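Read off the chains here:
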Amino acid sequence: MLESSLQQLGSALRAKQISSVELTQLYLDRIASLNPKLNAYLTVQPEVSLAQARVADARLAAGKADALTGIPIAQKDIFCAKGWLTTCGSKMLHNFVSPYDAHVIARFNDAGAVNLGKTNMDEFAMGSSNETSHYGPVKNPWDQARVPGGSSGGSACAIAARLCAAATGTDTGGSIRQPAALCGISGLKPTYGVVSRYGMIAFASSLDQAGPMARSAEDLALLLNTMAGFDERDSTSLQRDKEDYARDLAKPLNGLRIGLPKEFFAAGLGSDVAQAVEAAIAEYKKLGATVVDISLPNSRLAVPVYYVLAPAEASSNLSRFDGVRYGYRAPDYTDLADMYEKSRAQGFGAEVKRRIMIGTYVLSHGYYDAYYLQAQKIRRLIAQDFTEAFKQCDVIMGPTAPSTAFKLDEKGDDPVQMYLSDIYTIAVNLAGLPGMSIPCGFGANNLPVGLQIIGNYFGEARMLNAAHQYQLATDWHSRAPQGI
Amino acid sequence: MSLNNADVRKVARLARLAMSETEIETARSQLSGIFALIAEMQAVDTRGIEPMSHAQDVSQRLREDVVTETNQRELFQSLAPKYKGLSQVEAGLYLVPQVIE
């Protein structure tokens, strides 16, 4: 059961070969035994999950099941879920039991999926290693001395360690794709606006996008069918016709034009990662694809631009945490300003405070034009590079991350080193394009390598097709870490 | 560009973050590193480029001016933080330290 696809699980549930209660209990037992080591989940509520599973079983028995009815899915702790502790990895929300459901949670509930628990993450999604979580880092199931990546590291770890059938993540600068790469799983960040951000705790609103994480592209398509769709409660949600993201999975890849940006294969890329990615490209050629050399000349500016825009938006979004209406309030203070300052100083961790400080600075009087406006202009140049590139190719491929999983504490106190982990993923968020990562081999120390596939706007079905055909021809995605 | 401790102190105050002198010093050194990374942007010629504030150039939707939310005041206020063990909600309002004498 642990190795079954979501489609196989759905068939088994509908054929009564297994019940949702049995499947949910199987995962709950695994979580109880393995989570103390891996720290992938922050909250599990077995009785709540099992009650949901019983409802799913009744729905299955009544013959009213959808594709995901009865399937246990882990939710990143950034999604508000009614009656669930929703911490966003922060002490600031250590006691926040959400009074409402995020759009994504409601969609899974409506589909009859079981919420298996809330997964660990970098605090407010700010991090690339899961080490900024107030609740301790997640361990990489391939090597527990290493990080799972971040910020959706708990979800990536839970999938790799078979602690859930699938999970959700969010991606502001690479937070789905980079942990997917480092944990050897598949993850997709859709086009900005495809999945509603309602009830998803905001980090940088013009970049944040939720997406599915799973063991295969086929599973991702099924999950995205549930997650995507217009929601009037998110002002940036796009009004589009409903799509079946699985519609092109079976298409052959003959004639697929793959763009290879020279900037993604330059200095800074680990040789083991480069080797695995090049082997994947060779496999694509065997499958009928052709390769085009392209250039994204402004992509080198993506990291600096991101570290102006994302903190600027974060400093504004996080101003709501003031200790007045919910969340953490300092135990002692003298007056109102002191209450704000102490509640925020004690409730936020170091990385979150650092980004609030950067954001406050770049938006402050006298610096706005030089930093914020200049970054927004370069953002357009970066997006235009992609528009030019997509005149020559259908998808863009390259590495997801410059290295395989690094050791816990390895990047230590140097935030800039950590920021460079997302050097290949950030430009995609700035442009608002869809991007995904799929496993494409192993590097040094037998650690997974991710292949990044970037599509044009609304190109998800095409990307999933390319990923699925590769996964039919290779078995990297079905490898599981041993000896956890 | 280089930041001094006074700059950092000012930003911390604007961001409503209490910081000790040691924390100010650490923040100054780390922020200077980050601004060195960001500085790469400054040399780019962006004359005539329209700033891009959003991934999709769509305008804000308008909706009918009707009530769409139900009143859940009690549920929401049940989440309010306590102070010295006491509820900080009274008569449907949140309590904060006195601002006006």
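All of these numbers come straight from a predicted model, not from anything done at the bench.

### A few points about the overall build of chain B
Stage number 1. Helices and strands together make up the secondary structure of chain B, namely three helices and four strands.
Stage number 2. Scaling as 2.2 N^0.38, a compact globule of 101 residues should have a C-alpha radius of gyration of about 13 Å, whereas chain B reaches 23 Å, well beyond that.
Stage number 3. Each of the three principal axes of chain B carries a C-alpha extent, and together these read 55 × 45 × 25 Å.
Stage number 4. Every one of the 101 residues in chain B was classed for burial, and the buried ones make up 16%.

### Comments concerning the overall build of chain A
Stage number 1. If you tally the helices and strands in chain A, you get 15 helices and 11 strands.
Stage number 2. A globule of 484 residues ought to have a C-alpha radius of gyration of about 23 Å, and chain A, at 21 Å, matches this closely.
Stage number 3. Seen through its principal axes, chain A has C-alpha atoms that stretch 65 × 55 × 45 Å.
Stage number 4. Here chain A holds 484 residues, and the buried ones make up 62% of them.
Stage number 5. For chain A, the share of sequence-separated contacts (at least 6 apart) that also reach a separation of at least 24 residues comes to 76%.

### Quick word on the interface of chain B and chain A
Stage number 1. Contact residues are listed per partner, giving 41 residues for chain B and 53 residues for chain A.
Stage number 2. Breaking the side of chain B that touches chain A down by element, the ones donating at least two residues are α1 (5-14), α2 (21-38) and α3 (73-77) of chain B.
Stage number 3. Here the side of chain B that touches chain A takes seven residues from α2 of chain B, the largest share from any one element.
Stage number 4. Looking at the side of chain B that touches chain A residue by residue, the class counts come to 28 nonpolar, eight polar and five charged.

### Considerations on the sheet that holds strand β3 (residues 114-119) of chain A
Residue and element names in this part refer to chain A.
Stage number 1. Overall, mixed pairing links the 11 strands, which are arranged β1-β3-β2-β4-β6-β5-β10-β11-β9-β7-β8 in an open sheet. The outermost strands of the open sheet, each flanked by one partner alone, are β1 (41-43) and β8 (290-294). Within this sheet the neighbouring strands show an average axis-to-axis angle of 35 degrees, counted without direction.
Stage number 2. The pairing of strand β5 (residues 186-189) with strand β10 (residues 435-442) spans three bridges and is antiparallel.

### Quick look at helix α2 (residues 20-38) of chain A
Stage number 1. A32 of chain A marks where α2 of chain A bends most, by close to 40 degrees; the proline P36 of chain A follows one to four residues later.
Stage number 2. Where α2 of chain A terminates, the next one or two residues include N39 of chain A, which has phi positive at roughly 60 degrees.

### Some remarks on the confidence of the model for chain B
Low pLDDT marks regions whose predicted coordinates should not be analysed in detail.
Stage number 1. Of all residues in chain B, 99% have pLDDT values of 70 or greater, and the mean over the chain is 92.
Stage number 2. Predicted complex metrics record ipTM = 0.95 and pTM = 0.97.

### Concerning the packing of helix α7 (residues 217-227) of chain A against helix α15 (residues 460-473) of chain A
All names here are of chain A.
Stage number 1. Viewed as axis vectors pointing N to C, α7 and α15 meet at an angle of 150 degrees, and their least axial separation amounts to 8 Å. On the basis of the axis angle, α7 is roughly antiparallel to α15. Seen from α7, the contacting residues are A217, E218, L220, A221 and L224; seen from α15, they are E460, L464, A467, H468 and Q471.
Stage number 2. A breakdown of the residues in the contact of α7 with α15 according to their chemical character gives six nonpolar, two polar and two charged.

### A word on unusual backbone geometry
Stage number 1. In this model, G150 of chain A is joined to S151 of chain A through a cis peptide bond whose omega is 10 degrees.
Stage number 2. Assignment of secondary structure puts S151 of chain A in the loop between β3 and α5 (153-160).
Stage number 3. Backbone geometry at C88 of chain A places phi at a positive 60 degrees, although glycine is not the residue there.
Stage number 4. By secondary structure assignment, the location of C88 of chain A is in the loop between β2 (72-76) and α4 (103-111).
Stage number 5. A residue is classified by how many C-beta atoms lie within 10 Å of it, and C88 of chain A, with 30 of them, is buried.
Stage number 6. Although it is not a glycine, R16 of chain B adopts a positive phi angle of roughly 55 degrees.
Stage number 7. Here R16 of chain B shows up in the loop between α1 and α2.

### Quick look at α1 of chain B
Stage number 1. Among all positions of α1 of chain B, only V8, V11 and A12 of chain B are buried. The buried residues of α1 of chain B occupy an angular sector of 100 degrees when the element is viewed end-on, so they sit on one face.
Stage number 2. Structurally, α1 of chain B contributes buried residues whose contacts are with α11 (350-363) of chain A together with α2 of chain B.
Stage number 3. Positive backbone phi, at 55 degrees, marks R16 of chain B, one or two positions downstream of α1 of chain B.

### Structural notes on the nonpolar core
Stage number 1. If you look at the biggest cluster of nonpolar residues, it comprises 167 residues, and the most contacted ones within it are I73, C164 and V305 of chain A.
Stage number 2. It is helix α9 (residues 302-317) of chain A that contributes the most residues to this core, 10 residues altogether.

### Brief notes about the pairing of β8 of chain A
Residue and element names in this part refer to chain A.
Stage number 1. Here five bridges tie strand β7 (residues 257-261) to β8, and the two strands are oriented parallel to one another. Note that in β8 the partner of L260 across the bridge is D293.
Stage number 2. In this region the chain leaves β7, passes through helix α8 (residues 271-286) and returns to the parallel neighbour β8; the handedness of that crossover is right-handed.

### Examining the environment of M357 of chain A
Stage number 1. As for its position among the elements, M357 of chain A is in helix α11.
Stage number 2. Along the sequence, M357 of chain A and S315 of chain A sit 42 residues apart, while their C-alpha atoms lie 7.4 Å from each other.
Stage number 3. When neighbours within four sequence positions are excluded, M357 of chain A is seen to be in contact with V11, A12, A15, A27 and L31 of chain B.

The rules behind each value
Residues numbered from 1 in each chain as written. Chains lettered and ligands numbered in written order. Predicted model: local features only at pLDDT ≥ 70, side-chain atom pairs only at ≥ 80, totals over all residues. Helix = DSSP H or I, 4+ residues; strand = E, 2+ residues; numbered from the N terminus. Rg over C-alpha atoms; globule rule 2.2 N^0.38 Å. Buried ≥ 20, exposed ≤ 12 C-beta atoms within 10 Å, placed from the backbone. Contact = placed C-beta atoms within 7 Å. Nonpolar A, V, L, I, M, F, W, Y, C, P; charged D, E, K, R; others polar. Pairing = 2+ DSSP bridges. Axes fitted to C-alpha atoms, helices over the stretch in contact; angles between N-to-C directions. Bend = angle between axes of the 7 residues up to and from the residue. pLDDT = per-residue confidence, 0-100. Parallel < 35°, antiparallel > 145°, perpendicular 65-115°, else oblique. Arc of directions from axis to C-beta. Core = buried A, V, L, I, M, F, W, Y, C linked by C-beta atoms within 7 Å. Right-handed = clockwise from strand over helix to strand, strands pointing away.

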